Amino acid sequence: MAEAADFQGMRTSPARRWLRRSASLLTGAPLVAGLLCGPATSTAHAAEDATGSRTVDVSLDTFTPSTPGEKDTITISGTVINEGKQTITDAHVDLRVGQKLTARTAIDRAAERTGYDPGLDGAEIDDTYSVEIPRLASGISHDFRLSVPADELDLDEDGGVYQLGVSLSGQTANLPYDHVLGIERTFLPWQPEAPEKKTRLTYLWPLISSTHLTSETGSDEQQTPVFEDESLAAELSTGGRLDELVSLGKELPVTWVIDPDLLATVDAMTRNYEVKKGSTTVPGKNQAVAKRWLSDLEAAVQDRKVVALPFADPDLASLAHRGKTVSGSLSHLQPATEVAATTVETILHVKASTDFAWPVEGAIDSSIVDVATSAGAHNVIARSDSLQDNLVYTPTAARPIGGGTTAVVADSRLSKAFQGDMTRSETSTLAVQEFLAQSLAVTHQAPDKQRSIVVAPQRVPTAAQAQSMARALQALGNQRWTQPLDLVAAADAKPDPDANTTVPAASQYPGKLRKQELPVEAFQDVRGTQETLDMFEGILTQADRVNTPFGRAIDRELSASWRGNPMAAEQYRSGVRSYLRDLTEEVQLIEKSDVTLSGRSATIPVTVQNELVQGIDHLVLRLTSHNPTRLNLDGDKGVTEQQVRIDGGHSQTVKFPASANANGQVQMTAQLYTQDGQLYGKAMNFTVKVSEITPTVMLVIAGGVLLLVLAGVRMYTQRKRAAAHEAAGAESEGPSKDDDTASDEAASTRGDIDSPDPGQASDLGPDIGPESGDPSGAGEKVDR
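1. Examining the nonpolar core
Here is a general trend for soluble globular proteins: nonpolar side chains tend to be buried in one another's company. Core analysis: the biggest nonpolar cluster contains 74 residues, and Phe536, Ile604, Leu621, Leu623, Leu631, Met668 and Val688 have the highest contact counts within it. When neighbours within four sequence positions are excluded, Met668 is seen to be in contact with Ile604, Leu623, Thr624, Ser625, His626, Leu631, Leu633, Met684, Asn685, Phe686 and Val688. Membership of the second largest hydrophobic core comes to 67 residues, among which are Leu213, Leu262, Ala441 and Ala475.

Written as structure tokens, this is what we have:
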């Protein structure tokens, strides 16, 4: 049922008044009998329950004009439905004007009433403006349209808020006399002449959405973004939620409050993008939709006031109540605020104010204010049901709360006017009229005080809610009792000295909202992801390729949009964390088999593989011998390390000099580290077998012994022959030329045996080839 204020002074025809008096007497007869006899009372109550003022449902679908003037004709259309079991006859639909409501609380009470109250709902106006319905069977509906000139309502020339009721009266078989069977109420804001001091009204127009982008991007130069799905395209398309907000907002005197994450996401959609589909991705197809929406928005905000929230609209209350216990959580606010201004200016080409923080539903406490202002904001958008006043009027929104901070307190009634389902025309119509009535009531509270009132509606209004909001603001366009004011000016308005400036304690934060906050585990996840990201960036040659997508993804993990959806929030954090871990594992040590070291010295090779697209630097490979007395590294050391630099898609083999002191097995560990000493990736363990004399060496030695034996036999044979030649020569003429040749050959033979060994058997070369410079295969995963 709609809110209502009773009307008085209605004129009726003599015949109608006679019928009404007769109906009252007939209705009162069974009640009098009930005073004399108990059973009669029960019968009367049963009859009332069956055919009372709730028998017929009356809906009001249109009310025009919403803020009528003296020369206007008020037209109301709607539908009546007989929800009772009996047929209604001789029915008629009439307007009823109740008394003027002078307080906002009176409007609240009228809105809560149900059923017909003759003392409050007022009398019917002249039956000239009635709609007759001769017969209305059970379950049957009937449309109606009432038109009444405003000057027929005898309204106060000073203006005010009135209750306007639409009732159906008729007869039933049980009660064959004219009585009210159904009624619906709405509000009539009446201000024939503009007051001397109008209320300055600031209306926030939020452009905020949930998270649609993942942390994943393509390996191409453009880093093609990956979307979770195509649901954002539906919001941007004609008639979609975000499309309606832009098309409506461009004609309204509002302050745009924008989450830069939405702009960045839509901007990414204007180019090539991918959409997740199972375990793979498919090309996105809504570039044209995104381009049109951004173009329309850019045109809409030119020369208008724009407020940019920190990137991804962080949940300030969750940070204040739970995030502060996890180190590093608050450090994300400042970067999110800085990137907000840059994003808005880059995409929309307007300068946005980043001096405002907006906690969820405007609920604040001292800890929330501290967090909200920690990134440099000086204004906190609160709501009057959080920072309450005990005044008889609604004070100006701006009020100082200490520390150079201003609380901009939005009016609770006006801010919550369009919550709920506005898809039904009746719900929307009643909400619009109540909003207008409350705004006029504010003006009439203290006509000698010009006040500045702020309206902060729901953060993510639906298309229907946006349409209802727009209808209300359009109705105020004549500026008969309000005038528009932007949020920045509202924050700078002179505060009311009597307004409450005491910020509630944390214990007063609403329990319902506290239950929706991000858990402590969420902030621990964020810290872990940030630490991994910091380490990963430290080894990359193009760190910005991971800093931007992952930095913004971490901002999204802190978004207020996750309220009420903790499972989706956890899944998003897990997805970011897993994808980052997969990237870091693209830089790893290649497993190696056990190594055999023959001889006293050698080199031990370890291979590092980089399957990322970009190169890595500032990475250190450390090799440790667990038995340096048996096998030491780099000159009597148990540990040695070398710098690693590898281009994208390549691997590098690092060779470590080693010296053996004794035979046996030695356990070795290879581990990557960042330059600041943090562990990177998994360690690799392998075994080195130290053996100075190996089967190969034995073969070499055996071969050498055999050569010596053969050389000795040859020398013996040659000397024996030489001696025989000398003896024969002595018997003949003497020495000859052949004898000299033989002596030379013998000398030559002795020289071969004594020649030094050109090398030592224990001197070993590397056990694997030089580092590979080939790019990774086409089937390998390529990342940043």
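2. Let's talk about the packing of aromatic side chains
The description of an aromatic ring pair uses the distance of the two centres, along with the angle that the planes make with each other. As enumerated under the stated definition, the model contains 6 aromatic pairs in all. Centre to centre, the rings of Phe550 and Tyr579 are 5.8 Å apart; their planes meet at 25°, and the pair counts as stacked. Taken together, the residues Phe550 in helix α18 (residues 544–557) and Tyr579 in helix α19 (residues 566–584) connect sequence positions 29 residues apart. For the residue pair Phe550 and Tyr579, the accessibility class agrees, reading buried in each case. An aromatic cluster is present here, built from Tyr203, Trp205, Phe418 and Phe435 joined pairwise through their rings. Looking at Arg552, its charged tip hangs above the ring of Phe311, at a distance of 5.4 Å from the centre. Over the ring of Phe686 we find Lys592; its NZ or CZ atom is 5.5 Å from the centre of that ring.

3. Thoughts on the side chain of Thr67
Relative to the helices and strands, Thr67 resides in the loop between β1 (56–64) and β2 (73–82). You can call Thr67 buried: its relative accessible area is 6%. Here the side chain of Thr67 touches Asn478 through a polar contact of 3.3 Å, side chain to side chain. Leave out the neighbours within four places in its chain, and Thr67 touches Pro189, Leu436, Ala475, Asn478, Arg480 and Trp481.

4. Some details on the packing of helix α13 (residues 425–445) against helix α14 (residues 463–475)
It is at 9 Å that the axes of α13 and α14 come closest, and there the two elements cross at 40°. Taken together, the axis directions place α13 and α14 in an arrangement best described as oblique. The interaxial crossing formed by α13 with α14 has right-handed handedness. Two secondary-structure elements touch here, α13 through Ser428, Thr429, Val432, Phe435 and Leu436 and α14 through Ser468, Arg471, Ala472 and Ala475.

What counts and how
- Residues numbered from 1 in each chain as written.
- Predicted model: local features only at pLDDT ≥ 70, side-chain atom pairs only at ≥ 80, totals over all residues.
- Heavy atoms only, no water.
- Core = buried A, V, L, I, M, F, W, Y, C linked by side-chain atoms within 4.5 Å.
- Buried < 20%, exposed > 50% of the residue type's maximum accessible area, 1.4 Å probe, protein only.
- Contact = heavy atoms within 4.5 Å.
- Phe/Tyr/Trp six-rings, centres within 6.5 Å; stacked < 30°, edge-to-face > 60°.
- Helix = DSSP H or I, 4+ residues; strand = E, 2+ residues; numbered from the N terminus.
- Lys NZ or Arg CZ within 6 Å of the ring centre and 35° of its normal.
- Polar contact = N/O pair within 3.5 Å; in protein donor to acceptor, adjacent residues only side chain to side chain.
- Axes fitted to C-alpha atoms, helices over the stretch in contact; angles between N-to-C directions.
- Parallel < 35°, antiparallel > 145°, perpendicular 65-115°, else oblique.
- Left-handed = near helix turned anticlockwise from the far one by under 90°.

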